[in-house]
Amino acid sequence: MTPVIEIQNLKKTFRKTVAIDGLNLQVPAGSVTAFLGPNGAGKTTTIKCLLNLHSPDAGTITVLGQDSRKLGPAAFQKIAYVSENQELPGWMTVQQFFDYCRPMYPDWDKAFAAKLAKQFDLPPNTKLKSLSRGMKMKASLLSSLAYRPRLVVLDEPFSGLDPLVRDEFIRGLLELTEEEGWSVFVSSHDIEEVERLADRVAIIHQGRLQLEESSQTLQARFRSVEVALTTEMTLPSGMPSAWLNAEISGRMVRFTDSAYVEHRLAGEVARLFPNSAPPHAGPMTLREIFVALARTYRLNGL
């Protein structure tokens, strides 16, 4: 199946700042892909390149099978884009805004829009400028979904939303994505929220892709490990490269195993830490995995 987004050797520089440095990424159709990275990693620049808001310095991007540099009105009728910095015409009411958007999209589904407005509890006669940030984000999302796009691109959609609105936003998007079979590409710092949405994870650092895989396999191979020692010692040399951020405090060793296999972990611990207790390996959330990786990238100067 052709990816909904395919990025090959993307490069983008702003004066002397390298924002994207040879990025390669494929986003499968029908997936919800989380695009993660620390501040300045290049997430928003990548999104703006794929939506033809920035021109790449090198490399190519195809979106729904089309060169991103040639995206026009017909293509954007199949793409939804919601950003934290999106500006809405505050003088319009909610209903006026939807009426304004509808003629631009031949596939606008009026009944579907009405269903979403009810689901999102949007007040039709209230001016956009009077809405809370959360309600504005819901209005923006509705205006981007009512024409039933094939691809939904979200750039920091949860920023500044209170917990209740975040939950409503995510539950609504999850239900709609499952019902409509949309492909979703979401960039966010709110990793706990993204974890509920994503079935694939891509992590970018300093403009380069560090990993891309399913959420299931990622969480299956990462474990937070503790090893209780019988005597105090220093960290031995020759520890596996998959053991990240190893540290020792008194008689306790802690690290992240990024290639967890139970019997292999037990064997390596027995070899490196003789007479220690069996290792305790606990599952990790997506946020914990991201933090462990970000710390590794920083320590290794990646």
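In this text, all values refer to a predicted model and were calculated from it rather than measured experimentally. (Residues numbered from 1 in each chain as written. Predicted model: local features only at pLDDT ≥ 70, side-chain atom pairs only at ≥ 80, totals over all residues. Heavy atoms only, no water.)

## Points about the packing of helix 4 (residues 110-119) against helix 6 (residues 163-180)
Note the cut-off: Angular values range over 0 to 180 degrees, each being the angle between N-to-C directions of two axes fitted as lines to C-alpha atoms, with helices fitted over their stretch in contact. A run of H or I in DSSP counts as a helix once it spans at least four residues, and a run of E counts as a strand once it spans at least two, with each numbered from the N terminus. Should an angle fall under 35 degrees it is taken as roughly parallel, and over 145 as roughly antiparallel, whereas 65 to 115 is taken as roughly perpendicular and any remaining angle as oblique. Left-handed describes a crossing whose near helix is turned anticlockwise from the far helix by less than a right angle; the clockwise case is right-handed. Residues are treated as being in contact if the distance between any of their heavy atoms lies within 4.5 Å. Three classes are used, and their members are as follows: Ala, Val, Leu, Ile, Met, Phe, Trp, Tyr, Cys and Pro are nonpolar, Asp, Glu, Lys and Arg are charged, and the others, Gly among them, are polar.
Following both chains from N to C, one finds helix 4 and helix 6 inclined at 155 degrees, their axes separated by 12 Å at the closest point. Accordingly, the angle class assigned to the pair helix 4 and helix 6 is roughly antiparallel. Crossing handedness for the pair helix 4 and helix 6: right-handed. Of helix 6, the residues touching helix 4 (which contributes Phe112, Lys115, Leu116 and Gln119) are Gly172, Glu175, Leu176, Glu179 and Glu180. Split by residue class, the contact of helix 4 with helix 6 holds three nonpolar, two polar and four charged.

## A few points about the sheet that holds strand 11 (residues 223-228)
In a beta sheet, neighbouring strands are held together by backbone hydrogen bonds and run either parallel or antiparallel to one another. Heads up, the rule is: Strand pairing requires that DSSP identify at least two bridges connecting the strands.
Spatially, four strands are ordered 12-13-11-14 in an open sheet, and the strand pairing comes out antiparallel. Every interior strand has two partners, whereas the edge strands, strand 12 (243-249) and strand 14 (280-282), have only one. Each neighbouring strand pair of the sheet contributes to a mean axis angle of 15 degrees, computed without reference to strand direction. Taken together, the three bridges between strand 11 and strand 14 define a ladder with antiparallel strand orientation. Considered in strand 14, the bridge of Ser224 is made with Gly282.

## Topic: helix 4
Put simply, the rule reads: Per-residue accessibility, obtained with a 1.4 Å probe over protein chains only, is compared with the maximum for each type, and a residue is labelled buried under 20%, exposed over 50%, and partly exposed between these values. To obtain the arc, one takes the directions from the helix axis to the C-beta atoms. Counting of polar contacts relies on pairs of N or O atoms within 3.5 Å, with two restrictions inside protein: one atom must be capable of donating a hydrogen and the other of accepting it, and residues adjacent in sequence are counted only when both atoms are side-chain atoms.
Taken together, the buried positions of helix 4 are occupied by Phe112, Ala113, Leu116 and Ala117. The buried residues of helix 4 occupy an angular sector of 140 degrees when projected down its axis, which confines them to one face. Opposite the buried face of helix 4, by more than 90 degrees, sit the exposed residues Ala111 and Lys118. Packing partners of the buried residues in helix 4 comprise helix 5 (133-145) and helix 6. Structurally, the start of helix 4 carries an N-cap: the backbone nitrogen of Ala111 is 3.2 Å from a side-chain oxygen of Asp109. Once helix 4 finishes, Asp121 follows within two positions and takes phi at roughly 60 degrees, a positive value.

## A short note on the nonpolar core
Note the threshold: The term nonpolar core refers to a set of buried residues drawn from Ala, Val, Leu, Ile, Met, Phe, Trp, Tyr and Cys, joined through side-chain atoms within 4.5 Å.
Leu36 and Leu142 are the most contacted members of the largest nonpolar core, which totals 57 residues. Sequence-distant contacts of Leu36, that is, excluding residues within four places in its chain, are made with Lys43, Ser188, Ile191, Val194, Val201, Ala202, Ile203, Ile204, Leu286 and Phe290. Ranked by size, the runner-up nonpolar core spans 26 residues in total, among them Ala19, Ile47, Val153 and Ile204.

## Focus on helix 10 (residues 286-300)
Put simply, the rule reads: Working rule for helices: expected span equals 1.5 Å times residues minus one.
In this model helix 10 runs 21 Å from its N-terminal to its C-terminal C-alpha over 15 residues, within 8% of the 21 Å that 1.5 Å per residue would give. Restricting attention to buried positions, one finds in helix 10 the residues Leu286, Ile289, Phe290, Ala292, Leu293, Thr296 and Tyr297. Angular distribution of buried residues about the axis of helix 10 spans 165 degrees; they occupy a single face of the element. Facing away from the buried side of helix 10, by more than 90 degrees, are the exposed residues Arg298 and Leu299.

## Structural notes on the pattern of salt bridges
In plain terms, the rule: Between Lys or Arg on one side and Asp or Glu on the other, a salt bridge is scored when a side-chain nitrogen of the former is within 4 Å of a carboxyl oxygen of the latter.
Counted according to the given criterion, the structure contains 14 salt bridges. Close ionic contact of Asp67 with Arg69 constitutes a salt bridge, the shortest N to O distance being 3.0 Å. Here Arg69 falls in the partly exposed class, since its relative accessible area comes to 43%. Members of the salt-bridge network, linked through shared partners, are Asp109, Arg148 and Glu180.

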